[in-house]
Amino acid sequence: MTRRLDIQGLRAAAVLAIVVYHAGLTVPGGFTGVDVFFVISGFVIAGTLIAELESTGRLSVMDFYGRRVKRLLPAPAVMIAVVALVGILAAPATVEHMAAMTGISASLSASNFYLAFLPTGYFDPSATQNPLLHTWMLSVIVQLYLIAPVLLVGGWRLGRSRLGRGKSRESAFAVIAFFSLASFLLSVALNHGRLMSDLSRDQRLAFYSSPTRAWEFGAGAMLVLAAPLLARFPTWSARAFGVAGAAIVGVSFFSIQQAGFSARGALLPVAGTCLLIGAGIGSQVGVSRLLGLRPLVWLGNISFSLYLWHWPMIVFARALYPYHPTQTATAAVALSLLPAWLSYRYVENPIRFSSRLNARSPVAGRAVAALAAVCILVPAGAGFAQLEAQGAVNATSSMKGWLQSNRLHASELHGCHNLTPLGERTGSACIWKVARPRGVVVLWGDSNAGHFTEPVTRAGNRAGYDVNVVTASSCTAVGLRVTSTEVGEEKGCPRFGSETLAYLIRSKPSLVVLAARTDAYLQGSDFSLGKVGGGPLTNDTQAKARLWQRALTSVLRRLNKAGIPVLVVHPVPVLPNAPDGCAVGRILAGECASTVSRKSVDSWLALSRRVENASIASAPATWALDFENEICGKSSCSTVRDGVIQYRDFRHLTVAKALTLTDSFYRSIVAHAIPRPPG
């Protein structure tokens, strides 16, 4: 297949979008550059295969696989091995095991399926600290390359048969179209949870798996098969296709949001890419000529290596120097150009164009097989070495203390952290009981209620009360609709709030302890709020504050009217740098503490306190608890205080710190709970 400069330029645009997105800059849909790559891959590989079929009438599948080994395995093998060894000290400690296992599975071109079956998605914070997260795309491409020649040759030979009447291209097109449609429908079905019982796992499979990404690859392949028709289009249509394609891809990069992204969302970048590639089939004019400019072609040439190296560089840089994440990531991207160029110059090209490896001989075939074995065994061995090193590092006193700070709270360990309303929960795992209880204290809210589980249960039990914990992540107790850019809208959230409230009013507990990350919902640009049953969602801070105050006031008044006292716990300070993203080396050196001025904390929390205090003032049997003084000094707040690691991430307290608040909760429960022994 003739090398097209415009496709190299398109590779450059795709990798730039991905890199800028990963750096945290303002390209919200930059991750769709992956979809552009899939279409390009399908077009280039199908073009290579079709050219061989047309010129020789046959296809050497083993030669094809040999070329793919030389092109796709050596550079990732070097990157994975280096990242595994450097990651022993530079990777975030929370993901070191995940990173090692991702590297091992990536060496087998299977990291996409390993990641799909983890309980985290591509956009989740825990996943985005994995320095080898990006290898999922390489695994998808390798898996699709294994099947591509089988489908194309099968379709081509079908066309040569009596049934196909000599129409090889048309038959191959029909075969690819059939499997592409099946792939697209499978992805849609998984995104809607229509095949399995676990919706989140289905959606991860839809994002990561090769069967659900094959339709994008197929779109590029169908372009090749339709090339004779497209080549006859007039020049003006090529110009129009190029402009339309560039506009569509640009809109994808700058408008598509990560939340709820699916096959339907990928239609836009895939269609735009097809138009751009199609525009250059007949003649290189307009946008196609612009994409063929020398700087873009150069960047397109190293795009594979740049994709490999930019992401681990970003992750390591942020873990080692987290103070200015966007600037740090931008610097890391710039620095990644060096290993990318070195990989392209000294690994990719020498192996890819080696005369010895390209020779058609048994010796060359055995050499390629040996190369494949080395490219699997070396990075896999580095991954196992990383696991062994992690075991040794975890035995140190510094790491033991840090690991303790990352213990999950009892609300998560006991399964209390879910969207089931209180009245519908069964079992007693989330009820901390005492003999002859004086009544029941209920801890209710989101994960920022959950991190008070240990002190509230201990304090409540000490005061003679059973304690029931009902929490749900990023889900308010005030009955509002909530959406976030990370996970979209959780449809069960309003019901979690309204049904739990109705049950509390019926059951009349002795006290309700209510807590939420109110500041994040009101001031976080990633959260939008809305009324249940109608009206648009809003991201405006003041509008969200009004909605929240009305909703919270209603909840507090209804509880108080039913004779139920309430404690509202104000949000704890937010720390700028999450301890859970700290590099192993920084933990061993005791350099993981993060500090922010108390003035900035007070400024950030002012709105949420004002809104919550206004609601509390309108409900006569409601009181506030604020733990800022227990967390912060006079002038600053830190992740570590008096030798205690206070934060497990930038918004949540550690178990150890939460337990220091037990006495404060005990005094409040004793002062405000109404004894109601069970009848």
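Structural notes, computed from the coordinates.

What counts, and where the lines are drawn
Residues numbered from 1 in each chain as written. Predicted model: local features only at pLDDT ≥ 70, side-chain atom pairs only at ≥ 80, totals over all residues. Heavy atoms only, no water. Helix = DSSP H or I, 4+ residues; strand = E, 2+ residues; numbered from the N terminus. Rg over C-alpha atoms; globule rule 2.2 N^0.38 Å. Buried < 20%, exposed > 50% of the residue type's maximum accessible area, 1.4 Å probe, protein only. Contact = heavy atoms within 4.5 Å. Disulfide = S-S within 2.5 Å. Pairing = 2+ DSSP bridges. Axes fitted to C-alpha atoms, helices over the stretch in contact; angles between N-to-C directions. Parallel < 35°, antiparallel > 145°, perpendicular 65-115°, else oblique. Left-handed = near helix turned anticlockwise from the far one by under 90°. Nonpolar A, V, L, I, M, F, W, Y, C, P; charged D, E, K, R; others polar. Salt bridge = Lys/Arg side-chain N within 4 Å of Asp/Glu carboxyl O. Phe/Tyr/Trp six-rings, centres within 6.5 Å; stacked < 30°, edge-to-face > 60°. Core = buried A, V, L, I, M, F, W, Y, C linked by side-chain atoms within 4.5 Å.

The helix and strand inventory of the chain stands at 31 helices and 13 strands. Over its C-alpha trace the chain gives a radius of gyration of 29 Å, about what one expects of a compact globule, namely 26 Å for 679 residues. Here the C-alpha coordinates of the chain stretch approximately 90 × 55 × 45 Å along the principal axes. The buried share among the 679 residues of the chain stands at 56%. A separation of at least 24 residues holds for 78% of the contacts in the chain among residues at least 6 apart in sequence.

In a disulfide, the sulfur atoms of two cysteines are covalently bonded to one another. Within the structure shown, the criterion is met by four disulfides. Sulfur-sulfur distance for the disulfide between C582 and C592 comes to 1.6 Å. For the disulfide bridge between C582 and C592, the dihedral angle about the S-S bond is near -120°, and by the sign convention the bridge is left-handed. One end of the pair, C582, is in the loop between β8 (566-569) and α27 (584-588); the other, C592, is in the loop between α27 and β9 (595-597), and ten residues separate them in sequence. Among the residues examined, C592 registers a relative accessible area of 16% and is labelled buried. Disulfide partner of C632: C637, at an S-S distance of 1.9 Å. Taking the torsion about the sulfur-sulfur bond, which here is approximately 100°, the covalent link between C632 and C637 counts as right-handed. In this structure C632 comes out as buried when scored by relative accessible area, which is 2%. On the basis of relative accessible area, C637 is assigned to the buried category, the value being 0%.

This part takes up unusual backbone geometry. Trans peptide bonds make up most of the peptide bonds, and negative phi angles are found at most residues other than glycine. The phi dihedral of R436 falls on the positive side, at around 45°, and the residue is not glycine. With respect to the secondary-structure elements, R436 resides in the loop between β1 (431-432) and β2 (440-445). Given a relative accessible area of 76%, R436 falls into the exposed group. A positive phi angle is found at S474, which is not glycine, with a value near 50°. Relative to the helices and strands, S474 resides in the loop between β3 (466-471) and β4 (481-484).

Let us look at the pairing of β3. The two faces of the sheet receive side chains in turn, since in a regular strand these alternate between them. The buried fraction of β3 is high, at six of six residues. Across the two faces of β3 the burial is the same, with D466, N468 and V470 and V467, V469 and T471 all buried. Sheet topology note: the β1/β3 ladder contains two bridges and is antiparallel. From the neighbouring strand, I431 faces β3, where its bridge partner is N468. One ladder, built from six bridges, connects β2 with β3; its direction is parallel. Its bridge partner lying in β3, V442 is registered against N468.

In this section: the packing of helix α23 (residues 453-462) against helix α31 (residues 662-672). Taken N-terminus to C-terminus, the directions of α23 and α31 make an angle of 45°; their axes are 8 Å apart at the nearest point. What the angle tells us is that α23 and α31 run oblique. Regarding α23 and α31, the two cross each other, and that crossing is right-handed. The segment α23 lies against α31, with P455, V456, R458, A459, G460 and R462 engaging T662, D663, F665, Y666 and I669. Here the contact of α23 with α31 is composed, by residue class, of six nonpolar, two polar and three charged.

The strand order β1-β3-β2-β6-β8-β10 describes an open sheet built from six strands, whose pairing is mixed. Pairing within the sheet leaves two strands with one partner each, and these edge strands are β1 and β10 (622-625). When β8 meets β10, the two strands line up parallel, connected through four bridges. Paired with V568 across the bridge in β10 is A624. With respect to the sheet, helix α28 (residues 598-617) is in contact with β8 and β10, its orientation differing from that of β10 by roughly 155°.

Glancing now at the pattern of salt bridges. In the structure shown here, the tally under the stated rule is 13 salt bridges. When the shortest N-O distance is used, the salt bridge between R609 and D602 registers 3.4 Å. One continuous salt-bridge network, built from bridges that share partners, spans R598, D602, R609, D626 and E628.

To continue, consider the pairing of β4. The two faces of β4 match: R481 and T483 on one face and V482 and S484 on the other face are all buried. Strand direction decides the pairing type here: β4 and strand β5 (residues 488-489), joined by two bridges, are antiparallel. Each residue of the ladder has a partner; that of S484, found in β5, is G488.

To continue, consider the packing of helix α3 (residues 61-72) against helix α19 (residues 362-394). Running from N to C, α3 and α19 point in directions that differ by 45°, and their axes come no closer than 10 Å. In terms of orientation, α3 and α19 fall into the oblique class. Both α3 and α19 take part in a crossing whose hand is left-handed. Residues G66, V69 and K70 of α3 touch α19, and the partners they reach there are V368, L371 and A372. Residue composition of the contact of α3 with α19, grouped by class: four nonpolar, one polar and one charged.

Counted by the stated rule, this structure contains 18 aromatic pairs. Each ring, one from F207 and one from Y208, has its centre 5.3 Å from the other, and the planes form 80°; the classification is edge-to-face. According to the relative accessible area criterion, F207 is buried, its value standing at 11%. With relative accessibility at 1%, the residue Y208 sits in the buried group. On the numbers, 5.1 Å between centres and 55° between planes, the contact of F627 with F665 is tilted. Here F627, found in the loop between β10 and α29 (628-631), pairs with F665, found in helix α31; they are 38 residues apart in sequence, far enough to count as distant. As far as the burial class goes, F627 and F665 line up, both buried.

Membership of the largest hydrophobic core comes to 100 residues, with the highest contact counts inside it found for W136, M137, L152 and I277. Here this core takes 13 residues from helix α7 (residues 135-160), the largest share from any one element. With near-sequence residues (within four places) excluded, L152 lies in contact with A46, L49, I50, A172, I176 and L225. Counting 38 residues, the second largest nonpolar core, distinct from the first, contains L422, L480, A545 and A551.

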